[in-house]
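Close look at the chain arrangement
Here's the letter readout for the chains.
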Protein chains: 2
Amino acid sequence: MNIGAAATESGLPAKTIRYYEEIGLINPDRGENSYRDYSDQHVHKLRFLQRARSLGFSIDECRQLMSLYEDDSRASADVKFLANKHLEEIEQKIAELASMRDVLKNLVNSCHGDARAECPILDDLARTGAKLHGN
Amino acid sequence: MNIGAAATESGLPAKTIRYYEEIGLINPDRGENSYRDYSDQHVHKLRFLQRARSLGFSIDECRQLMSLYEDDSRASADVKFLANKHLEEIEQKIAELASMRDVLKNLVNSCHGDARAECPILDDLARTGAKLHGN
DNA sequence: ACTTTACCTTCCAGTTGAAGGAAGGTTTAT
DNA sequence: ATAAACCTTCCTTCAACTGGAAGGTAAAGT
C-alpha cells in the first residue's frame with residue numbers, strides 16, 4: 001500500500017506519516033520504485049498513533065504506549081500510570097483555561113462594545129496591578 | 001532601568017523581553033554602554049503584554065490590543081470583538097480537552113492497573129474502529 | 001505513442017513563543 | 001585587583017507538524 005492509501009486508511013496526512021517515519025515511530029518497507037510500502041500491520045500502528053494523538057498524548061508518550069502495546073509481558077499498571085498522568089495534565093490545562101475564560105468573560109461582559117474609546121478590557125490589561133514590591 | 005530591573009517589574013523574563021524587542025513589540029532606548037534602557041512607560045507596556053499573554057492572547061493579538069490601547073480614537077467594539085473571539089477559542093479548546101478527559105477517564109477507570117498485561121486502554125487505542133469506507 | 005494528471009520522492013524553510021547556552025563586554029562589590 | 005553579577009549578540013533547540021520546490025514514476029485518457 002502506498003503512502004496515500006495508508007493516509008486514507010489511518011486518518012493521518014501523508015506528510016505526518018513521513019514525519020513519523022523520520023522520528024522513528026514507524027518503518028515501512030520500500031518498493032523497487034523507492035515508494036514506501038505499508039502493510040496492514042503498519043496501518044494498524046498508524047491508526048494506533050492517530051488515536052493516541054487525538055487523545056492528546058505527546059509523541060513521546062505515544063512512543064511509550066506503542067512499546068507497551070508491543071510488549072506481551074507488560075503490566076497494565078504501567079499503561080494506567082501513563083494514561084493517568086496524562087489525564088491529570090489535561091485536567092490541569094482545563095483548569096487554567098477555565099480560569100482565563102472566567103476572567104475574559106467578565107471583561108467582555110463589562111465592555112460596551114460601541115464606538116466609544118472607553119474600554120474596561122484595555123483598562124484591565126493596562127492596570128498597573130498591585131505592586132507587591134512597594135514602588 | 002536595565003533589562004533585569006524591567007524583568008522584575010514586569011514579571012517577564014529578560015529573555016522574553018529581548019524576544020519581544022526582536023519581534024517589534026517594544027523598543028527601549030540604549031545607553032552608552034549599549035545596555036537597553038527601559039522607562040516606566042516601557043515597563044507599563046511590558047506589563048500590559050504580560051497580562052494579555054497570561055490571558056492566552058497570542059502575540060499577534062497582543063500586538064493588536066497594544067495598538068488599540070495606544071489609539072485614542074479606538075472603538076471599544078473593536079477590543080470587545082478581539083476579546084470575544086479569543087474567548088470563543090478558549091471555550092472551544094476547553095470543550096476539546098473536556099472531551100479527551102471524558103474518554104481518558106473512562107479508559108483509566110476501566111483498567112485494572114495491575115501486573116497483568118490485559119489492558120482496556122491499549123485495547124481502545126488499538127481497536128480498528130468502525131471503518132466507514134467499507135473495507 | 002503521447003500527454004496529462006496524479007501520485008511519489010527528498011530536502012529545506014516556516015510556524016509559536018520562547019528557553020538555553022556560548023563567548024565576550026561592563027559594572028559593582030569586596 | 002579580582003570576582004560576581006550584570007549586560008550584549010548570536011546560534012541552537014523544543015513540538016509536531018505543514019507547505020512548497022524540484023524532480024521521478026505511474027496510471028489514465030486520447
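Residues numbered from 1 in each chain as written. Chains lettered and ligands numbered in written order. Predicted model: local features only at pLDDT ≥ 70, side-chain atom pairs only at ≥ 80, totals over all residues. Heavy atoms only, no water.

A look at the protein's contact with DNA strand D
As a reminder of what qualifies: Residues are classed as near a molecule or strand on a simple rule: at least one heavy atom within 4 Å of it. As used in this structure description, the phrase polar contact means that two N or O atoms lie within 3.5 Å; if the pair is within protein, one of them must be able to donate a hydrogen and the other to accept it, and residues adjacent in sequence are counted only when both atoms belong to side chains. Helix and strand definitions here come from DSSP, where helices need a minimum of 4 consecutive H or I residues and strands a minimum of 2 consecutive E residues; each element is numbered from the N-terminal end. All residues other than Ala, Val, Leu, Ile, Met, Phe, Trp, Tyr, Cys, Pro, Asp, Glu, Lys and Arg, Gly among them, are scored as polar; the first ten of these are nonpolar and the last four charged.
Near DNA strand D you find 18 residues, and of these A:Lys15, A:Thr16, A:Arg53, B:Gly4 and B:Arg36 are the closest. What you see for DNA strand D is that sugar and phosphate hold 68% of its atoms within 4 Å of the protein. In the model, a base oxygen of DNA strand D is placed 2.3 Å from a nitrogen or oxygen of the A:Lys15 side chain. Ranked by residue count, the leading element in the surface near DNA strand D is helix α2 (residues 14-22) of chain A, at 4 residues. Tallied by class, residues from the surface near DNA strand D come to 7 nonpolar, 6 polar and 5 charged.

Re the packing of helix α4 (residues 59-69) of chain B against helix α5 (residues 76-110) of chain B
All names here are of chain B. Applied cut-off: Each axis is a line fitted through C-alpha atoms, and for a helix only the stretch in contact is used; angles between axes span 0 to 180 degrees, taken between their N-to-C directions. The labels follow the angle: roughly parallel below 35 degrees, roughly antiparallel above 145, roughly perpendicular from 65 to 115, and oblique for the rest. Take the far helix as your reference; a near helix turned counterclockwise from it by less than a right angle gives a left-handed crossing, and one turned clockwise gives a right-handed crossing. By the convention used here, residues are in contact when the closest approach between their heavy atoms is within 4.5 Å.
For the pair α4 and α5, the least separation of the axes is 10 Å and the interaxial angle reads 160°. One way to sum up the angle between α4 and α5 is to call them roughly antiparallel. In this structure, the crossing between α4 and α5 has a hand that is left-handed. Touching Glu 61, Gln 64, Leu 65 and Leu 68 of α4 are Asp 78, Val 79, Leu 82, Lys 85, His 86 and Glu 89, all from α5.

Quick word on the side chain of A:Ser10
Residue and element names in this part refer to chain A. Rules: Relative accessibility thresholds used throughout: buried, under 20% of the residue-type maximum; exposed, over 50%; partly exposed, between the two (1.4 Å probe, protein chains only).
As for its placement among the helices and strands, Ser 10 is situated in helix α1 (residues 3-10). Taking the relative accessible area as the measure of exposure, Ser 10 reaches 3% and is therefore buried. Beyond its immediate sequence surroundings of up to four residues, Ser 10 is in contact with Ile 17, Val 43, Leu 46, Arg 47 and Gln 50.

Looking at the domain arrangement of chain A
Test applied: Each domain span listed reflects an automatic or database assignment of domains.
Domain annotation of chain A identifies domain 1 (1-74) and domain 2 (89-128). Placing a centre on the C-alpha atoms of domain 1 of chain A and another on those of domain 2 of chain A gives a separation of 41 Å.

Digging into the packing of aromatic side chains
Residues and elements named next belong to chain A. The condition that has to hold: Between rings of Phe, Tyr and Trp, where Trp is taken as its six-membered ring, a pair exists when centres lie within 6.5 Å; planes separated by under 30 degrees are stacked, by over 60 edge-to-face, and by other angles tilted.
Inspection of the entire model under this criterion finds 4 aromatic pairs over all chains. Note on Tyr 19 and Tyr 20: the rings are 6.0 Å apart at their centroids and 45° apart in plane angle, and the pair reads as tilted. Exposure remark for Tyr 19: the relative accessible area of 41% places this residue in the partly exposed category.

Examining the protein's contact with DNA strand C
By nearness alone, 18 residues border DNA strand C, and A:Gly4, A:Arg36, B:Lys15, B:Thr16 and B:Tyr20 come closest of all. For DNA strand C, the fraction of atoms within 4 Å of the protein that belong to sugar or phosphate moieties is 70%. A distance of 2.9 Å is found between a base nitrogen of DNA strand C and a side-chain nitrogen or oxygen belonging to B:Tyr35. Within the side chain of B:Arg53, one N or O atom sits 2.7 Å away from a phosphate oxygen of DNA strand C. Looking at the surface near DNA strand C, the elements with two or more residues in it are α1 of chain A together with α2 (14-22) of chain B. Considering only residue class, the surface near DNA strand C consists of 7 nonpolar, 6 polar and 5 charged.

Let's talk about the nonpolar core
Stated formally: To form a nonpolar core, buried Ala, Val, Leu, Ile, Met, Phe, Trp, Tyr and Cys residues must be joined to one another through side-chain atoms within 4.5 Å.
With 77 residues, the main nonpolar core has A:Leu65 and B:Leu65 as its most contacted residues. Those residues in contact with B:Leu65 that sit more than four places away from it in its chain are A:Leu122, A:Leu125, B:Phe48, B:Ala52, B:Phe57, B:Val79 and B:Leu82.

Details of the relation of the copies chain A and chain B
Stated precisely, the cut-off is as follows: The copies were overlaid with a least-squares fit restricted to C-alpha atoms from residues scoring a pLDDT of at least 70 in each copy.
Overlaying chain A with chain B gives an RMSD of 0.1 Å, the required rotation being 180° about an axis along which the chain moves by 0.0 Å. Seen this way, the second copy is the image of the first under a two-fold rotation axis. Every residue of chain A has its C-alpha some distance from the rotation axis, and the shortest such distance is that of A:Ile94, at 3.0 Å. Most of the interface of chain A is mirrored in chain B: 100% of its interface residues are interface residues there too.

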